[in-house]
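Summary of the model geometry
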Amino acid sequence: MSESDLPAPAVPNARDAVRALRPSQIREVANAGFGVDDVLPFWFGESDRVTPAFIRDAASAALTAGATFYTHNLGIAPLRAALAEYVGALHGPTSTDHIAVTSAGVNALMLAAQLVVGAGDRVVAVTPLWPNLVEIPKILGAHVDTVPLGYGEHGWQLDMAQLLAALTPETRMLLVNSPNNPTGWVMSRDEQRTVLAHCRRHGIWIVADEVYERLYYANADAGAAAIDAGWTQSRAAPSFLDLASRDERVICVNSFSKAWLMTGWRLGWIVAPAALMDDLGKLVEYNTSCAPAFVQQAGIVAVQQGERFTQELVLDLKASRDHLVRALSDIPGVDVKTPPGAMYLFFSMPGATRSLELCKAMVREVGLGVAPGSAFGPQGEGFVRWCYACDTARLDAGVERLKRFLAQHDAMR
Ligand SMILES: Cc1ncc(COP(=O)(O)O)c(C=O)c1O
C-alpha cells in the first residue's frame, strides 16, 4: 500500500473541555485596535507604572549572585517565612507550613482547582468575574454554576439567600473573588461569616481569590502617619483568613502582581491547610516545578520592605478612582458608582447592552481601550470595565475620547 492509499488523517483537536473554553473578549477588543496608531489602553488589569526600583534591584542582585537554580517546590524557606509573617500581621497567626509559593495568582488558582475538583464536580462562582476563575475548573472537567451579584442604587450587592441556595451539599467548591474584578465589590465580614458557616456545614471548599485584598479603600486615608505608627489593623479587605482556622477547607490565593506592581514577574502564593502541602508540592512539581529563584528573592524584599510603597499606591489609586468617577458622572447616560476595592470602574453607558461591539467601535474610532462587560460573563453585559491604575492626565484624555465617541454616535442616546 502506498502512502497515497492511506486514509487522510483526522484534523487534530484538543479535548472537548478545552475547545469549549471561552476565548478572551478583552483580547478580541485589543485585536480590533491593531492598526490604530494611538490607543489609550485601560483594558488590562495593571498599572502603567514599572515595579518599584528596590524590588527590581533585589532581583538584579539575586541574579548577579547566581540565583539561577531550581528551588523547593513550595518556595524558598525565607520567602515562605516572610509570607507567613506578612499574612500573620494582616490576618492572624500563620505558620510557614500553611504557605506555598506559586507562579503568580493564575497558577495559584489552577493549583487550588487541581487540588480540589475533578471531572463532574460542581463548582459555584459569584459573578461577574474575571474569566480565568470560571474557565479553570472547566479545564478539569468540572461544571460551574454562577450566582450573579445584583446591581442597584448602592452598587453591586450579593443576594445571600441566592448564594446559600446554590451551595447545595453536592457542591464541591465555592469560588469567591473579593475585592472583585471587574465590579470592585467587596464581600463584608458578616457575609463571609455566613458563607463560611454554611460551607463548613456542607463540607464545601472555599477558594478565595484575594489578589486585590490590599487595594481596598475603606481605610486608606489613615495614610503615611499610620505606616509610621506601625498600624496593622484593616490594611486589607475582609478576608476568609480573618475567620477561618488555617486547617479547614479554605484555600486563599494571592499574588505579588497588584500590591507591588509585579504583574510580569509571575509570583504569588497560596495559604492552605498544612495537610494539603505534600500534595500541593506534587502539583507544583508537575505544573511549573517552582517559581524562579531570583524572582522569589525579590519577593522577600517586596514583602519585608514594601509596606510604605503599597500604602502609598493605594492612596494614589483611590485618588485616580475618585477622579475618574467624577469625570464619568458628568457624562449624560453614564451610570457609575464608587467601588470599595480593586482598580476598576464597571459602569453602564449608552450602547453597552452590546458591550463587545461597543468596545470594538470605541477602540477603532477614537482609540479608547476598555473591556466589554460581557467578557466577565453574561451578567456583565450592559457594562464596560475601565482600569484606572494610571495618572489623572491619562484618565482625562480617555474621558475626552469617550465624550467624542458619544458625540459622534448621538443616535445611541
Ligand atoms: C481576580 C484576579 N485573580 C487573579 C489574577 C491573577 O493575577 P496574576 O496571575 O498576575 O497574579 C487576576 C489578574 O488580573 C485577577 O484579576
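Reading the values: the criteria
Residues numbered from 1 in each chain as written. Predicted model: local features only at pLDDT ≥ 70, side-chain atom pairs only at ≥ 80, totals over all residues. Heavy atoms only, no water. Phe/Tyr/Trp six-rings, centres within 6.5 Å; stacked < 30°, edge-to-face > 60°. Helix = DSSP H or I, 4+ residues; strand = E, 2+ residues; numbered from the N terminus. Buried < 20%, exposed > 50% of the residue type's maximum accessible area, 1.4 Å probe, protein only. Pairing = 2+ DSSP bridges. Axes fitted to C-alpha atoms, helices over the stretch in contact; angles between N-to-C directions.

1. Structural notes on the packing of aromatic side chains
This structure, assessed with the given rule, holds 15 aromatic pairs. Aromatic side chains Trp 43 and Phe 44 sit 6.1 Å apart centroid to centroid with 55 degrees between the ring planes, which places their arrangement in the tilted category. When the centroid spacing of 5.8 Å and the interplanar angle of 45 degrees are considered together, the rings of Trp 156 and Phe 346 count as tilted. One end of the pair, Trp 156, is in strand E6 (residues 155–157); the other, Phe 346, is in strand E11 (residues 344–347), and 190 residues separate them in sequence. The class for Trp 156 is buried, based on a relative accessible area of 10%. What makes Phe 346 buried here is its relative accessible area of 5%. Aromatic rings pair up to connect Tyr 151, Trp 156, Phe 346, Phe 376 and Phe 383 into one cluster.

2. Some remarks on the sheet that holds strand E10 (residues 268–271)
Spatially, the 7 strands line up as an open sheet ordered E2-E10-E9-E8-E7-E3-E4, and their pairing is mixed. Each edge of the open sheet carries a strand with a single partner, namely strand E2 (99–102) and strand E4 (143–148). Within the sheet, the average angular offset between the axes of one strand and its neighbour, ignoring direction, is 20 degrees. Pairing of E2 with E10 involves 4 bridges; the strand directions are antiparallel. Note on E10: the bridge partner recorded for Thr 102 is Gly 268.

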